[in-house]
Amino acid sequence: MRPEIMEEVEALRGVNSVKIKEAHEAGKKVVGMYCVFSPQEIALAADAISVTLCGTAQAPIEDAEKELPRNLCPLIKSSYGFAITDKCPYFYFSDVLLAETTCDGKKKMYELMGKIKPMHIMNLPQTAEGNDALEMWKNEMIKFKSFLEEKFGVEITDEKLKDAIKLMNRERSAMRRLHKLNAHKPAPLTGVDMMLAQWLKGFNVDKEAGIELIERLISEVEERMENGIYAFDENAPRILLTGCPIGSGSEKVLKVLEESGASVVALENCTGYKGLDVLVDESKDPITALAEKYLSTPCSCMTNNNGRLDLIKRLAEEYEIDGVVDLTWQACHTYNIESFTVRNFVKDELNLPFIQIETDYSDSDVGQIKVRVEAFLETIGSTVTA
Ligand code: SF4
Ligand code: SF4
């Protein structure tokens with residue numbers, strides 16, 4: 001049985017779709033965002049709502065493929081499909097969109113999406129290393145701030161930025177505490193529930209209410225742990241899931257893993273721990289602090305991306321991981337190429353079993369994935385008991 005509060009968490013998307021409509025009618029501005037590099041604090045400091053618009057559903061992909069190539073990552077097609085079909089209330093109520101120059105597919109898709117709604121594009125450096133990259137990213141923060149000030153007719157002061165930084169740090173800290181509960185052996189939450197709780201925060205119109213809900217969930221889970229109630233038994237293989245972002249509708253690999261008996265205890269990807277690892281430094285000038293925090297995101301779009309290996313190592317140790325699963329969306333070149341480096345690192349440095357699964361959002365290959373996952377878990381079983 002899952003924690004009772006998960007029902008409230010699961011209802012967040014529906015609840016927030018009503019709240020965003022009400023907020024829009026009350027004159028509140030909405031900024032739609034697509035990436036973990038997006039500085040939500042600047043939107044909040046403009047007294048706007050920030051929502052995550054990344055497409056995680058298969059449904060709009062068919063429409064997207066009428067305008068985009070079929071052999072494109074499903075996340076890009078799904079995001080674009082929602083935009084052209086106007087079936088997502090969060091896209092519909094967004095006054096402006098924020099995009100970043102991350103991977104090639106997204107960059108070129110944004111050129112088309114930018115014709116549908118006003119869009120600001122932040123030019124992300126190709127590397128996170130060195131002072132030039134930081135200066136460039138700081139400048140991009142300032143340009144986004146000016147864009148919102150002009151669009152919404154507001155002044156974004158340092159005080160407002162500092163308040164927004166504090167709020168977002170509180171949200172990150174709460175989500176981080178929740179994620180770390182699964183470091184316990186056995187894990188108290190399924191990976192599917194953890195993913196839902198982490199992913200659904202992106203729709204929170206009222207961030208304070210969202211933080212309060214997660215704190216209540218943490219309390220309930222802690223109480224269950226005191227009473228010996230866990231999601232899996234102690235012998236379930238403990239998996240770290242890395243790679244491309246997932247969400248509701250694109251969680252099939254996570255589901256197959258857990259239906260096959262694994263306990264997915266750490267989600268290293270963007271809908272999991274990646275954005276929670278580093279807080280914004282509240283003692284620094286806000287723009288510098290924001291630039292430093294967001295530039296530290298270990299995404300495969302960066303050259304090089306050693307921060308990802310470092311994070312995988314830390315999570316593998318802290319969560320007592322038995323095996324690493326690397327999920328790659330079809331046609332995602334950056335994560336696909338990087339998988340070779342991750343595989344070698346996991347096998348040679350961490351001495352852990354590794355598997356890469358390359359797939360899309362459709363259910364057509366679930367049977368094949370299940371066969372591979374079961375064989376992988378058998379390998380782990382023999383390693384764990386050896
Ligand atoms: S994987 Fe990279 S490009 Fe995709 S959402 Fe995360 S940070 Fe952004
Ligand atoms: S999963 Fe890969 S191809 Fe798809 S948007 Fe993210 S970085 Fe780009």
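Higher on the page you've got the structure.
Here the structure is a predicted model, which is why all the values come from computation and not from measurement. Each chain has its residues counted from 1, following the order in which its sequence is written. Going through the entries in the order they are written, you letter the chains from A and number the ligands from 1. Reporting of local features is limited, given that this is a predicted model, to residues whose pLDDT is at least 70; pairs of side-chain atoms are given and counted only at 80 or more, and all residues count toward the totals for whole chains, interfaces and linings. In computing side-chain properties, one takes all heavy atoms of the structure into account and sets aside hydrogens as well as water.

We now examine the overall build of the chain. In this text, helices come from DSSP runs of H or I with a minimum length of four residues, and strands from runs of E with a minimum of two, each type numbered from the N-terminal end. Of the regular secondary structure elements, the chain holds 16 helices and 8 strands. In terms of C-alpha radius of gyration, the chain reaches 20 Å, essentially the compact-globule figure of 21 Å for 386 residues. Counting all 386 residues of the chain, 57% fall into the buried class. In this description, contact between two residues means that some pair of their heavy atoms is separated by no more than 4.5 Å. If you take every contact in the chain between residues at least 6 apart in sequence, the share linking residues at least 24 apart comes to 75%. In the form shown here, the chain has an accessible surface area of approximately 16,200 Å², with 49% of it arising from carbon and sulfur atoms. Of the charged side chains in the chain, 45 are positive and 63 negative; the average position of the first set lies 3 Å away from that of the second. The size measure is the radius of gyration over C-alpha atoms, and the globule rule it meets is 2.2 Å times the number of residues to the 0.38 power. Classification of residues uses two cut-offs on accessible area relative to the type maximum, computed with a 1.4 Å probe and protein chains only: under 20% is buried, over 50% is exposed, and between them is partly exposed. Residue burial considers only the protein chains on display, and all accessible areas are found by Shrake-Rupley using a 1.4 Å probe. Counted charges follow a simple rule, with Lys and Arg positive, Asp and Glu negative, and His plus the chain ends left uncounted. Charge coordinates come from a single atom per side chain, which is NZ of Lys, CZ of Arg, CG of Asp or CD of Glu.

A word on the sheet that holds strand β4 (residues 119–122). The strand order β2-β1-β3-β4 describes an open sheet built from 4 strands, whose pairing is parallel. In this open sheet, the two strands that pair with only one neighbour each are β2 (49–52) and β4. For this sheet, the mean angle separating the axes of adjacent strands, direction not counted, is 25°. Of the strand pairs in this sheet, strand β1 (residues 30–33) and β2 are connected by 4 bridges, and their pairing is parallel. When the sheet's bridge partners are listed, Met33 is paired in β2 with Thr52. Following DSSP output, two strands are said to pair if at least two bridges run between them. All axes are obtained by fitting lines to C-alpha atoms, using only the stretch in contact for helices, and the reported angles, taken between N-to-C directions, cover 0 to 180 degrees.

This next bit is on helix α12 (residues 252–259). The buried fraction of α12 amounts to 6 of the 8 residues, a majority that puts the element mostly inside the structure. For α12, the full list of buried residues reads Lys252, Val253, Leu254, Val256, Leu257 and Glu258.

Once that is clear, we can look at the site of ligand 2. Taken together, the neighbourhood of ligand 2 is formed by Cys73, Ile76, Cys103, Lys106, Cys244, Trp329, Cys332 and Thr334. Classes in brief: Ala, Val, Leu, Ile, Met, Phe, Trp, Tyr, Cys and Pro nonpolar; Asp, Glu, Lys and Arg charged; the others, Gly included, polar. A class-by-class count of the residues in the shell around ligand 2 yields 6 nonpolar, 1 polar and 1 charged. The rule for a residue being near a molecule or strand is that one of its heavy atoms must lie within 4 Å of it.

A few words now on the sheet that holds strand β6 (residues 263–267). Read across the open sheet, the 4 strands follow the order β6-β5-β7-β8; overall the sheet is parallel. Two strands in the sheet have a free side with no partner beyond their single neighbour: β6 and β8 (354–359). Each adjacent strand pair in this sheet contributes to an overall mean axis angle of 30°, direction not counted. With 6 bridges joining them, strand β7 (residues 323–329) and β8 adopt parallel strand pairing.

In this section: the packing of aromatic side chains. Pairing of aromatic side chains requires ring centres within 6.5 Å, counting the rings of Phe and Tyr and the six-membered ring of Trp. Pairs whose planes differ by under 30 degrees are stacked, by over 60 edge-to-face, and all others tilted. Inspection of every chain in the model, using the stated rule, returns 6 aromatic pairs. Judged by centre distance (6.4 Å) and plane angle (85°), the rings of Phe37 and Trp137 are edge-to-face. Here the residue Phe37 occupies a position in the loop between β1 and α3 (40–45), and Trp137 occupies one in helix α8 (residues 131–152), the gap between them amounting to 100 residues. For the pair Phe37 and Trp137, one class covers both residues: buried. One aromatic cluster is present, formed by Tyr90, Trp199 and Phe203 through successive ring pairs. The criterion for a charge sitting over a ring is simple: Lys NZ or Arg CZ within 6 Å of the ring centre, and within 35 degrees of the ring normal. Across the ring face of Phe91, the terminal group of Lys117 is positioned such that the distance to the ring centre comes to 5.3 Å. When the ring centre of Tyr294 is taken as reference, the NZ or CZ atom of Lys293 above it lies at 5.5 Å.

What follows is about the pattern of salt bridges. Whenever a carboxyl oxygen of Asp or Glu lies within 4 Å of a side-chain nitrogen of Lys or Arg, that contact is scored as a salt bridge. Under the counting rule described, the total for this entry stands at 31 salt bridges. Residue Lys107 is joined to Asp104 by a salt bridge in which the shortest nitrogen-to-oxygen separation is 3.3 Å. Taken together, the residues Lys107 and Asp104, both in helix α7 (residues 104–113) and 3 residues apart, mark about one turn of the helix. Residue Lys107 is classed as partly exposed on the basis of its relative accessible area, which comes to 27%. Judged by its relative accessible area of 55%, Asp104 falls in the exposed class. Residues joined in a network through salt bridges with shared partners are Glu268, Lys274, Arg308, Asp326 and Glu338.

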